[in-house]
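So you can see what is in the structure, the chains are spelled out below.
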Amino acid sequence: MYDFLRFVPENLMDLGFKSYIFMLEKPGICGGVVVKAENPDDLRKKLRKVRKNIIVGVTGNEAVCREAVMRRKVDLILDSDNRQLDYATIKLAAEKDVAIELSLAKFIRNKGLSRMQLFERLCDEVRVIKKFDVPFVVTTAAENVYEMRTRRQVENFFSFFGCEIVKARQHATRLVRKYYDTRFIMDGFEIEAELEADVKKKG
Amino acid sequence: MRGRVQGVDVIARDWIGLMVEVVESPNEYEIGLKGEVVDETQNTLRIMTEKGLKIVVKKKRTFRVWYGDKIMRIKGDLISYRPEERIKKGLVMLKRAKGVRI
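Criteria and cut-off values
Residues numbered from 1 in each chain as written. Chains lettered and ligands numbered in written order. Predicted model: local features only at pLDDT ≥ 70, side-chain atom pairs only at ≥ 80, totals over all residues. Pairing = 2+ DSSP bridges. Helix = DSSP H or I, 4+ residues; strand = E, 2+ residues; numbered from the N terminus. Axes fitted to C-alpha atoms, helices over the stretch in contact; angles between N-to-C directions. Expected span 1.5 Å × (residues − 1). Buried ≥ 20, exposed ≤ 12 C-beta atoms within 10 Å, placed from the backbone. Arc of directions from axis to C-beta. Contact = placed C-beta atoms within 7 Å. Nonpolar A, V, L, I, M, F, W, Y, C, P; charged D, E, K, R; others polar. Core = buried A, V, L, I, M, F, W, Y, C linked by C-beta atoms within 7 Å.

**Q** Mind showing me how you'd approach the sheet that holds strand E4 (residues 52–57) of chain B here?
**A** Strand pairing in a sheet relies on backbone hydrogen bonds, with the paired strands running either antiparallel or parallel. One open sheet accounts for eight strands, arranged E8(A)-E9(A)-E6(B)-E5(B)-E1(B)-E2(B)-E3(B)-E4(B); its pairing is antiparallel. Whereas interior strands pair on both sides, the edge strands pair on one side only; in this sheet they are strand E8 (184–186) of chain A together with E4 of chain B. For this sheet, the mean inter-axis angle between neighbouring strands, taken without regard to orientation, is 35°. The sheet contact formed by E8(A) and strand E9 (residues 189–194) of chain A spans two bridges and is antiparallel. Residue pairing across strands places A:Phe184 opposite A:Glu190, the latter belonging to E9(A).

Encoded structure:
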């Protein structure tokens, strides 16, 4: 399972994840890009500047998320404290093959009533995700070292709310392989070997 | 980083003449069947194996295909169309899939 972080830590600890994807506003060599937008027009402008072969995550308000789901470049709707996804957006995400991120960090950052409201929202989202078999990933979405958690903690937390962790793992792997595995073409279609390369190796 | 991949059009063409092997199947006796495709319908492939002509259903099977200079692994559900329809449907499928450059 992969974890999607919002920062690059100095010392990466082994927390049980297969690897980490760094979702940054200015992407580095390996990772993804975060597009923050105020409104749908702003999102469209910013998406034009983003290069093609990179994981693109979008964060913003309800209107931005709805627009993002319909954009071909967008792969992931990132989680944030004030993210709100309506029924239609989640349903559309399933059709357009856009993954929805469910993060743990927002529950750590918030307390009291706001945390309770987040739990409530999560339950609603999970129900619709299950109904339409929407691709989703469970992550820490940590913005600093203190928000990082182990894979087991993340999985246990979301499985308590009814998320199918096996599916979340598959979706995360698929998302990463889509961009960083040259042998993966699409679901159920991949290159096993290249004959010329094998002949050269044997020679 | 991903670029253009050669040979992805294998799901957008007919398979007659290609060398295939059944890799995964709910019927364990089908696993390992290997040979040249001699005919194809919407739901089946006719494979000329060492033991003779075998008819294998496409759905719920995974095939290994020798195409050009590549060996590919393809789920039968992706190719379960009539061969003449698949040229169009396969290209649409590839175009709609994110991250695929054809």
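**Q** What is the right way to read helix H7 (residues 165–180) of chain A from this model?
**A** All names here are of chain A. The end-to-end C-alpha distance of H7 is 22 Å, a good match for the 22 Å that 16 residues give at a rise of 1.5 Å each. For H7, the full list of buried residues reads Ala168, His171, Ala172, Leu175, Lys178 and Tyr179. Buried residues of H7, seen end-on, are gathered within an arc of 125° and therefore sit on one face of the element. Those residues of H7 that are buried lie in contact with strand E1 (2–5), strand E4 (55–59), strand E5 (76–77), strand E6 (99–103), strand E7 (136–139) and E8.

**Q** Just checking my understanding: could you explain the interface of chain B and chain A for this structure?
**A** You'll often see interface size given as the accessible area lost when the parts meet. Between chain B and chain A, the contact holds 19 residues from the first and 18 residues from the second. The greatest single-element share of the side of chain B that touches chain A, amounting to six residues, is contributed by strand E6 (residues 70–75) of chain B. The residue makeup of the side of chain B that touches chain A, split by class, is 10 nonpolar, one polar and eight charged. Summarising the sheet, E9(A) and E6(B) pair through five bridges and their orientation is antiparallel. Directly across from A:Ile191, in E6(B), lies its bridge partner B:Met72.

**Q** What's the story with the environment of A:Arg183 in this structure? I'm lost.
**A** Residues and elements named next belong to chain A. Relative to the helices and strands, Arg183 is located in the loop between H7 and E8. Taking the C-beta count within 10 Å as the criterion, Arg183 has 14 such neighbours and is therefore assigned partly exposed. Those residues in contact with Arg183, other than ones at most four positions away along the chain, are Glu190 and Ile191.

**Q** I would appreciate a short explanation of the sheet that holds E6(A) in the present structure.
**A** Residues and elements named next belong to chain A. If you trace the seven strands from one edge of the open sheet to the other, you get E1-E2-E3-E4-E5-E6-E7, paired in parallel fashion. Only two strands of the sheet have a single partner each, and these edge strands are E1 and E7. When E1 meets strand E2 (residues 19–24), the two strands line up parallel, connected through four bridges. Paired with Leu5 across the two strands is Phe22, which belongs to E2.

**Q** Would you take a moment to explain unusual backbone geometry for this structure?
**A** Note: most peptide bonds trans; most residues except glycine with negative phi. Here A:Ala141, not a glycine, exhibits a phi torsion of approximately 55°, which is positive. Structurally, A:Ala141 can be placed in the loop between E7 and helix H6 (151–160). Of note, B:Lys60 is a non-glycine position whose phi angle comes to about 65°, a positive value. Tracing the backbone through its elements, the reader meets B:Lys60 in the loop between E4 and strand E5 (62–67). Judged by local crowding, B:Lys60 falls into the partly exposed class, with 13 C-beta atoms found within 10 Å.

**Q** Can you walk me through the nonpolar core in this structure?
**A** Membership of the largest hydrophobic core comes to 48 residues, with the highest contact counts inside it found for A:Val58, A:Ala68, A:Ile77, A:Ile100, A:Phe136 and A:Val137. When sequence neighbours within four positions are dropped, the list of residues in contact with A:Ile77 reads A:Val58, A:Cys65, A:Ala68, A:Val69, A:Ala93, A:Val98, A:Ile100 and A:Glu101. Counting 23 residues, the second-largest nonpolar core is a separate cluster that includes B:Val20, B:Val37, B:Tyr67 and B:Met72.

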